[in-house]
Amino acid sequence: MNLARLSTGIIGFDEILNGGFISKRAYLVRGGPGCGKTILGLHFLSAGISNSEPSLYISLGEPVEQIKTNGAMLGFDTKAITFLDLSPSADFFTEVQTYDIFSPAEVEREPTTQRIIESVESLKPKRVLIDSMTQFRYLCTDDFQFRKQVLSFIRFLLNADATVVFTSESSAEAPDDDLQFISDGVIHLHNSLEGRNISITKFRGSDFIAGLHSLRVTSQGIKVAPKLQTKLLKQEFILENISSGIPELDELLHGGIERGTVTILTGPTGVGKTTLGLQFMKEAAGRGERSVIYTFEEGEETLVARSQAVNIPIHAMITNGNLSVVRVEPLHLTHDEFANQVRHEVEENKTRIVMIDSVAGYRLAMSGADLASHLHALCKYLQNMGATVILVNETENITGDFRATELGISYIADNIIFLRYLEIYGEMQKAIGVLKKRLSNFEKTLREIEITRYGIKLGKPLVNLRKILSGTPEWVEKNDNTK
Ligand SMILES: Nc1ncnc2c1ncn2[C@@H]1O[C@H](COP(=O)(O)OP(=O)(O)OP(=O)(O)O)[C@@H](O)[C@H]1O
Ligand SMILES: [Mg+2]
């Protein structure tokens, strides 16, 4: 049986909830001050309004005028939402002497309850937000009373066919375990120096994506980027070789690189890694396939100008929709958010080749968190989707001792192609070689590589070269293979 779902009004949040809230149930949204409870509630009610469902906001703390003003700044159209303002008015302060005989809780509860009943009976809301339930605690004389009151309040709303979201100001000093037990689902909002997160610990009658997901409050409200799920997503694809379009390079790779694999292009600065990656994209564009480059260091303009100059028609590729160049600013995104951008490219735009230029830039951009495990998860996802991944890796050494990467990510790669400078007879030249290829054999010799205005050119295998992984290889004997 499929239970009817209600959108929360936040795309990523719906995804974590496997499609949204189950209708006619009650959900707790809890978190510290300023973590986004009210905004999340406004999304929920607005989604109801755009679905022509009467929606009711019961405010017990924040004055309604303020909620409307703040909501309008975030782009919410609050006009269609019905507000019930039960926040304490200024009169409360001046009339406080009326509480001589009865306790404040007893005096306040009766009219509060009455106004809620009246609103619900006249509006018949499909969605109700109670912000925050914590205030209710002070209208009850003890915990037992509170629990009983809340339960019967929620039952009353559910009987009226509403789906309920209620917030709670949680803290270590004032635990809200009772509310967590009562609710059909518990959503936690976290706000820390590292950023905002959302997580779910309980969702009766449904699966959900566990763990912490990135949350951001923007000028358009809340955006949620679900954690990348590698297991669930899978797409059938044909394991085939994709050609570089350069016969000598394909020979070096024994046919090209396979679809759905991860290739690391490694080498020192300026040796031609990005251009080489683009060469595969140029060839893919010829087949009508789409690629995307996430550039972390280089601006789009220089990339375009540079590529045009070496016969890669990047301008036309972009215009035809076969290529997208996305510049990612440092410290701008979390891993989850970046992974969601990539997902969008692959799932909506049908992108087949994804290049990250460079891994070090990616690491800097997503500060703090563990690079290898996030990159691994992203690559696994892309492989499952049949996308080909190119990771550009910059090595520090120009010549000398050889290391595939300095970032401990070699294990992620199916293929490692390296580019390097060689000093041959006192001249600086560039060479290309393959270090690893999981799905096929490959040429074990280096080839000379040159980037000219006609494009990338590779020479014949440098068969007489010894000590090729050192900076100063030696010729066994001089012959015509050198050119
Ligand atoms: N335009 C905006 N851009 C970025 N962040 C914003 C914007 N407007 C609000 N915020 C953030 O949202 C927070 C307020 O969210 P909200 O009112 O939903 O929190 P809350 O959990 O309901 O807080 P409280 O416990 O005080 O009721 C602000 O503290 C601020 O950090
Ligand atoms: Mg609030």
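Computed from a predicted structure; not experimentally measured. (Residues numbered from 1 in each chain as written. Chains lettered and ligands numbered in written order. Predicted model: local features only at pLDDT ≥ 70, side-chain atom pairs only at ≥ 80, totals over all residues.)

**Here's the deal with the overall build of the protein chain**
Right, so step 1: A tally of regular secondary structure across the protein chain gives 15 helices and 24 strands.
Right, so step 2: Taking 2.2 N^0.38 as the reference for a compact globule, 483 residues should give roughly 23 Å; the C-alpha atoms of the protein chain span a radius of gyration of 30 Å, well beyond that estimate.
Right, so step 3: Principal-axis analysis of the C-alpha atoms gives the protein chain an extent of 110 × 40 × 40 Å. (Helix = DSSP H or I, 4+ residues; strand = E, 2+ residues; numbered from the N terminus. Rg over C-alpha atoms; globule rule 2.2 N^0.38 Å.)

**Comments concerning the site of ligand 1**
Right, so step 1: Contacts to ligand 1 come from 14 residues, most closely from Gly-34, Lys-37, Thr-38, Ile-39 and Val-217.
Right, so step 2: Secondary structure elements with two or more residues in the shell around ligand 1: helix H2 (37-50) and strand E10 (213-218).
Right, so step 3: The greatest single-element share of the shell around ligand 1, amounting to three residues, is contributed by H2.
Right, so step 4: Class assignment for the residues of the shell around ligand 1 results in six nonpolar, six polar and two charged. (Near = placed C-beta within 6 Å. Nonpolar A, V, L, I, M, F, W, Y, C, P; charged D, E, K, R; others polar.)

**Some words on helix H13 (residues 335-347)**
An α-helical turn contains 3.6 residues, so any two residues separated by three or four positions project in the same direction.
Right, so step 1: Here H13 contains 13 residues, and its C-alpha end-to-end distance of 18 Å stays within 8% of the 18 Å for a straight helix at 1.5 Å per residue.
Right, so step 2: Those residues of H13 that fall on the buried side of the exposure criterion are His-335, Asp-336, Glu-337, Phe-338, Ala-339, Asn-340, Val-342, Glu-345 and Val-346. (Expected span 1.5 Å × (residues − 1). Buried ≥ 20, exposed ≤ 12 C-beta atoms within 10 Å, placed from the backbone.)

**Focus on unusual backbone geometry**
Right, so step 1: Here the residue pair Asp-131 and Ser-132 is connected by a cis peptide bond, since its omega of -5 degrees sits within 30 degrees of zero.
Right, so step 2: Looking along the chain, the bond that leaves Asp-357 and enters Ser-358 is cis, with omega of 5 degrees.
Right, so step 3: Among the secondary structure elements, Ser-358 is positioned in the loop between strand E17 (351-357) and helix H14 (359-365).
Right, so step 4: At Asp-161, a position not held by glycine, the phi torsion is positive, near 75 degrees.
Right, so step 5: The topology assignment puts Asp-161 in the loop between helix H7 (143-159) and strand E7 (163-169).

**Digging into the nonpolar core**
Right, so step 1: Membership of the largest hydrophobic core comes to 66 residues, with the highest contact counts inside it found for Ile-353, Val-354, Leu-378, Leu-382, Val-389, Ile-390 and Leu-391.
Right, so step 2: Top contributing element to this core by residue count: helix H10 (residues 273-286), with six residues.
Right, so step 3: Beyond its immediate sequence surroundings of up to four residues, Val-354 is in contact with Val-292, Val-342, Leu-382, Ala-387 and Val-389. (Core = buried A, V, L, I, M, F, W, Y, C linked by C-beta atoms within 7 Å. Contact = placed C-beta atoms within 7 Å.)

**Regarding the domain arrangement of the protein chain**
Right, so step 1: When its domains are assigned, the protein chain resolves into domain 1 (5-225) and domain 2 (241-482).
Right, so step 2: Taken over C-alpha atoms, the centre of domain 1 sits 50 Å from the centre of domain 2.
Right, so step 3: Tallied by class, residues from the side of domain 1 that touches domain 2 come to one nonpolar, three polar and one charged. (Domains from an automatic or database assignment.)

**Topic: the environment of His-190**
Right, so step 1: Looking at the secondary structure, you find His-190 in strand E8 (residues 185-192).
Right, so step 2: Apart from the residues lying within four places of it in its own chain, the contact partners of His-190 are Gly-31, Cys-35, Arg-196 and Asn-197.

**Some details on the pairing of strand E14 (residues 262-267)**
Right, so step 1: Among the six residues that make up E14, six are buried, leaving the element largely enclosed by the rest of the structure.
Right, so step 2: A two-sided burial pattern is seen for E14, the buried positions comprising Val-262, Ile-264 and Thr-266 on one face and Thr-263, Leu-265 and Gly-267 on the other.
Right, so step 3: Here E14 runs beside strand E18 (residues 388-394); their pairing, made up of six bridges, is parallel. Across the sheet, Gly-267 pairs through a bridge with Glu-394, a residue of E18.
Right, so step 4: Examined bridge by bridge, E14 and strand E19 (residues 415-424) share four bridges and lie parallel to one another. Residue Leu-265 lies in a different strand from E19, and its bridge partner there is Ile-417. (Pairing = 2+ DSSP bridges.)

**Concerning the sheet that holds E7**
Right, so step 1: Strand order in the open sheet formed by nine strands is E5-E4-E6-E7-E3-E8-E9-E10-E11, and the pairing between neighbours is mixed. What marks the edges here is a single partner per strand, and that holds for strand E5 (82-85) and strand E11 (221-225). Across the sheet, the mean angle from the axis of one strand to that of its neighbour is 20 degrees, orientation sign disregarded.
Right, so step 2: Of the pairings in the sheet, the one linking E8 to strand E9 (residues 195-203) comprises eight bridges and is antiparallel in character. By the bridge assignment for E9, His-188 is matched with Ser-199.
Right, so step 3: The strands touched by H2 within the sheet are strand E3 (26-31), strand E4 (55-59), strand E6 (127-131), E7, E8, E10 and E11, with E6 carrying the most contacts at an inclination of about 165 degrees. (Axes fitted to C-alpha atoms, helices over the stretch in contact; angles between N-to-C directions.)

**A few points about the environment of Ile-10**
Right, so step 1: Tracing the sequence through the fold places Ile-10 in the loop between strand E1 (5-6) and helix H1 (11-16).
Right, so step 2: Distance from Ile-10 to His-43, taken between C-alpha atoms, is 6.8 Å for residues 33 residues apart in sequence.
Right, so step 3: Residues within four places of Ile-10 in sequence aside, it is in contact with His-43, Ile-222 and Val-224.

**Overview of the sheet that holds E14**
Right, so step 1: With mixed pairing, nine strands are arranged side by side in an open sheet as E16-E15-E17-E18-E14-E19-E20-E21-E22. The open sheet terminates on both sides in strands that have one partner only, identified here as strand E16 (323-327) and strand E22 (455-461). Ignoring which end each strand starts from, the neighbouring axes of this sheet average 25 degrees apart.
Right, so step 2: In this sheet, E16 lies alongside strand E15 (residues 290-295) in parallel orientation, the contact comprising five bridges. For Tyr-294, the partnering residue across the bridge sits in E16 and is Val-326.

**Re H7**
Right, so step 1: Across its 17 residues, H7 extends 24 Å between first and last C-alpha, which sits within 8% of the 24 Å expected from 1.5 Å per residue.
Right, so step 2: Among all positions in H7, only Val-150, Phe-153, Ile-154 and Leu-157 are buried. End-on, the buried residues of H7 take up no more than an arc of 95 degrees, which puts them together on one face. Residues of H7 that are exposed and point more than 90 degrees away from the buried face comprise Phe-144, Lys-148, Ser-152, Arg-155 and Asn-159.
Right, so step 3: Following H7 by one or two positions, Asp-161 has its phi on the positive side, about 75 degrees. (Arc of directions from axis to C-beta.)

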